[in-house]
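Single-letter residue listing:
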Amino acid sequence: MWAKNTPSRKARQRGRRVTNEGPFPPRSDLRYAAGVFDLLKTDATSKARLGRLTTSRGVIDTPVFMPVGTQASVKALDPRELREMGTQILLGNTYHLSIRPGMEIIQAGGGLHSFMGWDAPILTDSGGFQVFSLAKIRKVRAHGVEFRSHLDGSPLFLGPKESMAIQRQLGSDIAMVFDECPPHDAPAKEQNLAVERTIRWARECREQPRAEGQFVFGIVQGGADPALREHCAKEIVGMDFDGHAIGGVSVGEPEPEMMKAVEFTEPFLPANKPRYAMGLGTPAQLVELVARGVDMFDCVLPTRVARNGTAFTNRGTFAIKGGACKAEFRPIEEGCTCFACRQFTRAYIRHLLNVNEILGLRLVSIHNSHFYLHVMAEIRRHLAAGTFEEFRRGFIANYVPTSRVLASRMVGAE
Ligand SMILES: [Zn+2]
């Protein structure tokens with residue numbers, strides 16, 4: 001039973017049994033030591049890197065895309081589908097999960113992996129981004145933030161200590177430090193304050209106990225100010241985290257500013273640890289960010305736009321609902337090996353969307369998530385073969401970005 005004080009070996013075993021058929025070996029079969037990032041190759045023509053991050057729940061090949069499961073679910077997709085499309089690591093969220101269903105339930109369920117039936121790696125966001133973007137803040141204190149729940153207005157407090165405790169209880173494989181992420185157009189004074197708090201809070205996070213085998217990544221803030229980025233990066237890197245994230249991107253900034261934030265930060269990040277650009281981006285942006293030395297990505301776009309009936313392809317996005325697809329008896333994308341494209345036509349999926357059948361949303365979500373994972377697999381293949389530059393040029397030339405897709409990245413958290 002799910003008694004709170006039985007740490008649910010049964011639950012863990014159950015989770016394991018459900019997911020053992022995937023590409024990830026059960027924990028007992030792992031022979032490698034946890035905590036290793038191997039930089040396998042650096043591209044000759046760009047800063048792109050081929051790497052491998054070894055966690056206690058499995059190996060992550062980088063560059064990697066991490067589907068977002070904010071509420072312990074990647075919207076509309078189940079773990080079997082995620083595994084089949086090659087997902088190596090998922091995201092979960094401290095803020096949302098601690099509010100609903102609450103830590104008592106997740107702990108009684110044997111931790112996040114067991115609770116959601118996913119035994120491969122999970123990265124948890126610290127909740128900092130949500131506290132500053134969703135909640136009604138009452139007061140920013142020295143050791144965290146007093147705020148009211150965005151759901152029912154109840155008073156809550158989240159800081160480095162609380163965030164790390166929740167992430168420890170969730171049992172994620174990678175925990176993120178609690179940081180302050182100001183909007184991109186925040187005045188310089190606010191950006192400075194946010195960086196100082198982020199540094200101080202990172203130090204506090206560093207001192208907290210972790211779950212067994214849990215990595216902790218530091219986050220670099222600093223907006224679009226090169227000096228502030230450098231200062232923050234140097235301080236964070238000095239704390240010897242297991243990896244580094246570039247935060248303060250995907251906060252409403254135009255693309256050139258986002259690229260600059262990454263370019264201002266990357267030179268100060270050590271090569272022997274993974275780099276993660278938080279909350280980005282479109283497929284074309286991912287290719288460009290890989291070329292700038294980023295290894296890890298997460299983004300809500302593939303599932304969010306799927307729910308509007310928008311599909312990603314090598315040529316950009318298109319609306320399946322549109323009349324053009326009415327009698328198109330071909331897949332969303334020719335040559336795509338996802339389940340939706342192997343099995344169904346645009347005309348059928350358009351029909352499902354137009355009559356509000358849930359299957360329509362699920363099929364577009366499957367295709368879009370598969371597309372993102374496939375782009376990353378192609379990037380890794382070309383990096384290994386030494387042909388990344390040709391791939392990059394071809395991909396960018398083919399891919400037509402749409403402003404609508406870029407805009408939908410900005411709308412709150414999924
Ligand atoms: Zn497909």
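Residues numbered from 1 in each chain as written. Predicted model: local features only at pLDDT ≥ 70, side-chain atom pairs only at ≥ 80, totals over all residues.

Caption draft 1: Summary view of the overall build of the chain. When you go through the chain residue by residue, the secondary structure sums to 17 helices and 16 strands. In the chain, which comprises 414 residues, the proportion classed as buried is 49%. Nonlocal contacts in the chain, meaning residues at least 24 apart in sequence, comprise 70% of its contacts between residues at least 6 apart. (Helix = DSSP H or I, 4+ residues; strand = E, 2+ residues; numbered from the N terminus. Buried ≥ 20, exposed ≤ 12 C-beta atoms within 10 Å, placed from the backbone. Contact = placed C-beta atoms within 7 Å.)

Caption draft 2: A look at the environment of Met66. By the element assignment, Met66 lies in strand E4 (residues 64-66). Along the sequence, Met66 and Leu373 sit 307 residues apart, while their C-alpha atoms lie 8.3 Å from each other. Other than its neighbours up to four places away in sequence, Met66 contacts Ile89, Leu90, Leu91, Leu123, Met296, Phe297 and Asp298.

Caption draft 3: Here's a closer look at the nonpolar core. Among the nonpolar cores identified, the biggest contains 99 residues, and Met66, Val177, Phe217, Val249, Ala277 and Phe297 are the most heavily contacted of them. Of all the elements, helix H15 (residues 358-385) adds the most residues to this core, at 11 residues. Domain assignment of the residues forming this core places at least three in each of domain 1 (9-304) and domain 2 (306-403). Counting 7 residues, the second largest nonpolar core, distinct from the first, contains Tyr95, Ile99, Val131 and Ala135. (Core = buried A, V, L, I, M, F, W, Y, C linked by C-beta atoms within 7 Å. Domains from an automatic or database assignment.)

Caption draft 4: Region of the structure containing helix H8 (residues 188-206). Taking 1.5 Å of rise per residue, 19 residues should cover 27 Å, and H8 covers 27 Å from first to last C-alpha, within 8% of that figure. All of the buried residues in H8 are Gln191, Ala194, Val195, Arg197, Thr198, Ile199, Trp201, Ala202 and Cys205. Where H8 is buried, its residues contact helix H7 (160-170), strand E11 (215-220) and helix H9 (226-237). (Expected span 1.5 Å × (residues − 1).)

Caption draft 5: Main features of the pairing of E11. With 6 of 6 residues buried, E11 is to be regarded as a mostly interior element. By the alternation rule, side chains of E11 split into Phe215, Phe217 and Ile219 and Val216, Gly218 and Val220, which are all buried. In this sheet, E11 lies alongside strand E10 (residues 174-176) in parallel orientation, the contact comprising 3 bridges. Looking at the pairing, Met176 lines up with Phe217 of E11. Here E11 pairs with strand E12 (residues 243-246) via 4 bridges, running parallel. Residue pairing in the sheet places Gly218 in a bridge with His244 of E12. Running through H9, the crossover from E11 to the neighbouring parallel element E12 is right-handed. (Pairing = 2+ DSSP bridges. Right-handed = clockwise from strand over helix to strand, strands pointing away.)

Caption draft 6: Spotlight on the pairing of strand E9 (residues 155-158). In this sheet, E9 lies alongside strand E8 (residues 144-148) in antiparallel orientation, the contact comprising 4 bridges. Counterpart to Glu146 in the pairing with E9 is Phe157. Between E8 and E9, which pair antiparallel one after the other, the connecting turn spans 6 residues, and Gly153 there sits at a positive phi close to 75 degrees.

Caption draft 7: The sheet that holds E9, seen in detail. Read across the open sheet, the 3 strands follow the order E7-E8-E9; overall the sheet is antiparallel. Every other strand in the sheet has two partners, leaving strand E7 (136-141) and E9 as the edge strands with one partner each. Within the sheet, the average angular offset between the axes of one strand and its neighbour, ignoring direction, is 20 degrees. (Axes fitted to C-alpha atoms, helices over the stretch in contact; angles between N-to-C directions.)

Caption draft 8: Examining the confidence of the model for the chain more closely. Within the chain, residue pLDDT values average 90, and 89% of them lie at 70 or more. Scored below 50 in pLDDT, residues 1-34 makes 44 contacts in the model with residues more than four places away or belonging to other chains. (pLDDT = per-residue confidence, 0-100.)

Caption draft 9: A look at unusual backbone geometry. In the segment running from Arg100 into Pro101, the intervening peptide bond is cis, with an omega of 5 degrees. With respect to the helices, strands and loops of the structure, Pro101 is situated in the loop between helix H3 (94-99) and helix H4 (103-108). The phi angle at Asp240 is positive, at roughly 60 degrees, despite the residue not being glycine. Here Asp240 lies in the loop between H9 and E12. The residue Asn356 is not glycine, and still its phi comes out positive at about 60 degrees. Within the secondary structure layout, Asn356 lies in the loop between helix H14 (346-354) and H15. On the basis of neighbour count, Asn356 is assigned to the exposed category, with 8 C-beta atoms found within 10 Å.

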